[in-house]
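Here's the letter readout for the chains.
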Amino acid sequence: MGVTLTFANQKGGVGKTTSAVNTAAAMGHLGKKVLLCDCDPQGNATSGVGINKRDIINSSYDLLIGRAAAKDCIVSTAFKNLDVLPANIALAGAEFELVDLENREKRLRMGLESVKADYDYIIVDCPPSLGILTVNSLVAADGIIIPMQCEYFALEGLSQLMISIRQVKKLYNPDIEITGILLTMYNGRLNLTMQVVNELKKYYASKIISTPVVRNVRLSEAPSHGKPIIAYDRYSKGSIAYLDIAKEIMERI
């Protein structure tokens, strides 16, 4: 039975989708069968693995509202051991449609149940919000990865996210745990970066993933080519970092 890992942070621009896509691709490269589940209406994880959003027949929207089974939504990618459950802008409507549906917080968990045994890992990419799509993604999770930019406001956002996780744990999914906090856009030469890291270590030392993601031009270029960094530039710093991150996450579970 596969492990579902949700990449969550309600703050935008922290490298959440980049981390979800590249961790999933790195796990695939390491020989694990991986499903990347896109639960963000922007669909950046979908296009980040080379899937044209206009060509999608069934998406995570159809899965959530019960119109299609997971196996009818999943698309193969060109990358080793990596499938995607895609998203497009139709998913934005799910925020409203889910309100009236039974078990609205558990729709993703229920939908993925039928394919969980087919994968070693299911990586879920959330929208940058704390709405019903993120709640669904947290309820479906066995573990949570929190990508976090090394800046002051990120610390504020982390405390809000922790409150949401506690609520989900209490109400819907008592088994979820934080698997790791992933430092992104890291610059070890900046005092602010080190201050944020030191502050994090006070409270979450055991949760911090030891390899940070350093700012990297090749990493920024890869999505525009519809490729994870490991396929775009196998020997770049970003590719090596995400391989190490994937290995550490797999060891933690």
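Residues numbered from 1 in each chain as written. Predicted model: local features only at pLDDT ≥ 70, side-chain atom pairs only at ≥ 80, totals over all residues. Heavy atoms only, no water.

## Description of unusual backbone geometry
One non-glycine residue, Asn-81, lies in positive phi territory at about 60°. In this structure, Asn-81 sits in the loop between β3 (75-76) and β4 (82-85). Residue Asn-81 is classed as partly exposed on the basis of its relative accessible area, which comes to 27%. In this structure, Met-185 takes a positive phi of about 50° despite not being glycine. Within the element layout of this structure, Met-185 appears in the loop between β7 (177-184) and α9 (191-204). (Helix = DSSP H or I, 4+ residues; strand = E, 2+ residues; numbered from the N terminus. Buried < 20%, exposed > 50% of the residue type's maximum accessible area, 1.4 Å probe, protein only.)

## Focus: the nonpolar core
In terms of nonpolar packing, the biggest core is built from 35 residues, with Met-27, Leu-36, Val-49, Leu-82 and Ile-123 touching the most fellow members. Of all the secondary structure elements, the ones that give two or more residues to this core are β1 (3-7), α1 (16-29), β2 (34-38), β4, β5 (121-125), α11 (229-232) and α12 (237-252). Grouped together as the second largest cluster of nonpolar side chains are 25 residues, Leu-158, Leu-183, Leu-200 and Ile-208 included. (Core = buried A, V, L, I, M, F, W, Y, C linked by side-chain atoms within 4.5 Å.)

## What about the environment of Ser-60?
By secondary structure assignment, the location of Ser-60 is in helix α3 (residues 60-64). For Ser-60, a relative accessible area of 1% puts it in the buried group. Separated by 31 residues in sequence, Ser-60 and Leu-91 have C-alpha atoms that sit 7.0 Å apart. When neighbours within four sequence positions are excluded, Ser-60 is seen to be in contact with Asp-38, Cys-39, Leu-85, Pro-86, Ala-87 and Leu-91. Within the structure, the side chain of Ser-60 is placed 2.8 Å from the backbone oxygen of Asp-38, a separation counted as a polar contact. (Contact = heavy atoms within 4.5 Å. Polar contact = N/O pair within 3.5 Å; in protein donor to acceptor, adjacent residues only side chain to side chain.)

## Quick word on the layout of surface pockets
One number sums up the size of the largest pocket: a volume of about 420 Å³. Considering the residues around the largest pocket, the lining is formed by 24 residues, among which Gly-15, Thr-18, Leu-219, Ser-220 and Pro-223 are closest to the centre. The set of elements that each furnish at least two residues to the lining of the largest pocket consists of α1, α2 (44-48) and α10 (217-221). Tallying contributions element by element places α1 first for the lining of the largest pocket, with five residues. Across the lining of the largest pocket, the residue classes break down as eleven nonpolar, eleven polar and two charged. (1 Å grid on protein atoms, 1.4 Å probe; cavity = no way out; pocket = protein on both sides within 12 Å on 5 of 7 lines; lining within 4 Å. Points joined across faces, edges and corners; volume = space filled by probe spheres on them. Nonpolar A, V, L, I, M, F, W, Y, C, P; charged D, E, K, R; others polar.)

Treat this as a map of the structure, not an account of what it does.
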